[in-house]
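# Structural features, examined
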Amino acid sequence: MKTPLQTKNALVLSGGGARAAYQVGCLRYLARAMPAYRPSILTGVSAGAINAAHLAAFRGNWPDAVSKLSQLWLSINTQNIYATDLSSLLRPILGWGLQVMTAGWLGTGQRRGMVDNRALKEFLCAALPNERGRLSGIADNLAEGLLESLAIITTNYGSGQSVAWVEGENARSWSRGQLRANNTKITVDHIMASSALPLFFPAVKLGRAWHGDGGVRLTAPLSPAMHMGATRILAVSPRATPTQALPIDQREPYPAPAQIAGTLLNAVFLDMLDYDALQMNRINQLLAKLPQEAHGSYRPVEVFVLRPREDLGVLAREHEIKLPSAFRFFEKGLRDQRARSADALSMVIFEPEYLALLMRLGEEDTAARHDEIAAFLNAEHSPGALQESSRQV
């Protein structure tokens, strides 16, 4: 008979741009209500990479780490992320338009994104403990056993593969399908690459290749944590459970470009977590019906997905007036005033009032599921056990 697996808690933080502030609210409640909880494995994708990297590098206890992360997000405004003046926004739009309209004869100057996000790198270098870009607290937390491993996921635009940059005990190179892992020392550049929303933010060169947002090709968002040995995963998604279709007389007219973009962004960056959790649930059910000696290389991994009860896109529509005027001008030209949700917009509103609202909602939603979460985190790990919470995705 095999020895029961040691419980290894992992925290998986997905992307979603500004929506990642919702994750901070969830963690803020957990740190207050369950201060003993501290995951040993952390993974971050896109904006979730900022949260994961901060938590992995912070020197201190978990509640203090979460409190500091909350302060970081409350100090953000859009100018900390990208340039919002009219000339900075207009220049790449006109350049790309001229290049397309003249079949490449004009406007061929190098443009690496719709916005200039050098301000974000400056902000992260000031907010995260680092020595010339290298996050300095991670090695100390690893040495003291407070952290087992951290993975930041990017997309290699050259190969099309997802790349997990891993630092820690499980920092070994491996390749599974579209996901490849590299042993490395995490830097601010890894975070910048992971959060580089395609076309909107410029790609970042890591080694010899250009990398962008980690959610682009990551078809199994839970797999990095699994490969690093997790037996129990708490995942926080900023994507609300899809609602039923509206009645016929309330359906919207032909979708505006911003609405289509929002749907695509949800599909690329957020929906895969739901699918991955569903697949893991099915594997857990299968393993529960087999004798342990028949599991082979498979093992049960319990999953709990935290998510908003409200559509964050609807909240973004209500707070868009807080955007810088130049950005709001261009955004209005791409959307339908009658649309009730603004999914694309919800990813780029980095304004304190909106971010504070997302954090408050995260706290409230987590508090509403306190008993479920406590039962999940405190349960003894038993191979083949299936948590009911893994069905609620």
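Going by the structure above, here's the rest.
Residues numbered from 1 in each chain as written. Predicted model: local features only at pLDDT ≥ 70, side-chain atom pairs only at ≥ 80, totals over all residues. Heavy atoms only, no water.

## Some points on the overall build of the protein chain
Counting its secondary structure elements, the protein chain contains 15 helices and twelve strands. Counting every position in the protein chain, which comprises 393 residues, the buried fraction comes to 54%. A sequence separation of at least 24 residues applies to 76% of the contacts in the protein chain between residues at least 6 apart. Split by element, the accessible area of the protein chain, about 17700 Å² in all, is 55% carbon and sulfur. (Helix = DSSP H or I, 4+ residues; strand = E, 2+ residues; numbered from the N terminus. Buried < 20%, exposed > 50% of the residue type's maximum accessible area, 1.4 Å probe, protein only. Contact = heavy atoms within 4.5 Å. Areas by Shrake-Rupley, 256 points an atom, 1.4 Å probe, with all protein chains shown as cover.)

## Brief notes about the packing of helix 1 (residues 20-33) against helix 2 (residues 47-57)
For the pair helix 1 and helix 2, interaxial distance at closest approach is 8 Å and the crossing angle is 35°. Side by side, helix 1 and helix 2 meet where Ala20, Gln23, Val24 and Leu27 of the first sit next to Ala47, Gly48, Asn51 and Leu55 of the second. Looking at the contact of helix 1 with helix 2 residue by residue, the classes come out as five nonpolar, three polar and no charged. (Axes fitted to C-alpha atoms, helices over the stretch in contact; angles between N-to-C directions. Nonpolar A, V, L, I, M, F, W, Y, C, P; charged D, E, K, R; others polar.)

## Concerning helix 5 (residues 118-127)
Buried residues of helix 5: Leu120, Phe123 and Leu124, and no others. Relative to the axis of helix 5, the buried residues are bounded by an arc of 95° and lie together on one face. Of the residues in helix 5, the exposed ones pointing more than 90 degrees away from the buried face are Arg118, Glu122 and Ala126. Turning to helix 5, the residues buried within the fold contact helix 2, helix 3 (62-74), strand 3 (130-131) and helix 7 (188-194). (Arc of directions from axis to C-beta.)

## Description of the side chain of Thr366
Within the secondary structure, Thr366 is located in helix 14 (residues 352-368). Among the residues examined, Thr366 registers a relative accessible area of 0% and is labelled buried. Setting aside its immediate chain neighbours within four residues, Thr366 contacts Cys26, Tyr29, Leu30, Leu306 and Ile373.

## Notes on the pairing of strand 2 (residues 41-45)
When a strand is regular, its side chains alternate between the sheet's two faces. Buried residues dominate strand 2, accounting for five of its five residues. Burial along strand 2 is two-sided: Ile41, Thr43 and Val45 facing one way and Leu42 and Gly44 facing the other are all buried. Inspection of the sheet shows strand 1 (residues 9-13) paired to strand 2 by four bridges, in the parallel sense. In the strand pairing of strand 2, Ala10 is matched with Ile41. With five bridges connecting them, strand 2 and strand 5 (residues 149-156) associate as parallel partners. Looking at strand 5, one finds that Leu42 is bridged to Leu150. (Pairing = 2+ DSSP bridges.)

## Description of empty space enclosed by the protein
In this approach a probe as big as a water molecule rolls over the atoms, and the regions it shows empty are the leftover space. On inspection of all chains with the given rule, the structure shows three cavities of 30 Å³ or more. Forming the boundary of the largest cavity are 20 residues, of which Gly17, Ala47, Ser195, Phe201 and Phe350 lie nearest the centre. Those elements that place two or more of their residues in the lining of the largest cavity are helix 2, helix 3 and helix 5. Considering every element that reaches the lining of the largest cavity, the biggest residue donor is helix 5, with three residues. By residue class, the composition of the lining of the largest cavity is 15 nonpolar, four polar and one charged. (1 Å grid on protein atoms, 1.4 Å probe; cavity = no way out; pocket = protein on both sides within 12 Å on 5 of 7 lines; lining within 4 Å. Points joined across faces, edges and corners; volume = space filled by probe spheres on them.)

## Details of unusual backbone geometry
The phi angle at Ser46 is positive, at roughly 55°, despite the residue not being glycine. Relative to the elements of secondary structure, Ser46 occurs in the loop between strand 2 and helix 2. You will see that Arg132, though not glycine, has its phi angle at about 50°, which is positive. As for its position among the elements, Arg132 is in the loop between strand 3 and strand 4 (134-135).

## A few points about the packing of helix 1 against helix 3
Put simply, helix 1 and helix 3 touch, their axes get as near as 9 Å, and they point 150° apart. In terms of orientation, helix 1 lies roughly antiparallel with respect to helix 3. Crossing of helix 1 over helix 3 shows left-handed handedness. From helix 1, Ala20, Ala21, Val24, Leu27, Arg28 and Ala31 reach across to helix 3, where they touch Trp62, Pro63, Val66, Leu69, Ser70, Trp73 and Leu74. The class makeup of the residues in the contact of helix 1 with helix 3 is eleven nonpolar, one polar and one charged. (Parallel < 35°, antiparallel > 145°, perpendicular 65-115°, else oblique. Left-handed = near helix turned anticlockwise from the far one by under 90°.)

## Some remarks on the packing of aromatic side chains
Enumeration according to the criterion identifies three aromatic pairs in this entry. Here Phe200 and Phe201 contribute two aromatic rings whose centre-to-centre distance is 5.0 Å and whose plane-to-plane angle is 50°, an arrangement assigned as tilted. Taking relative accessible area as the criterion, Phe201 reaches 8% and is therefore assigned buried. Arg232 extends its terminal NZ or CZ atom over the ring of Phe376, reaching a point 5.7 Å from the ring centre. (Phe/Tyr/Trp six-rings, centres within 6.5 Å; stacked < 30°, edge-to-face > 60°. Lys NZ or Arg CZ within 6 Å of the ring centre and 35° of its normal.)

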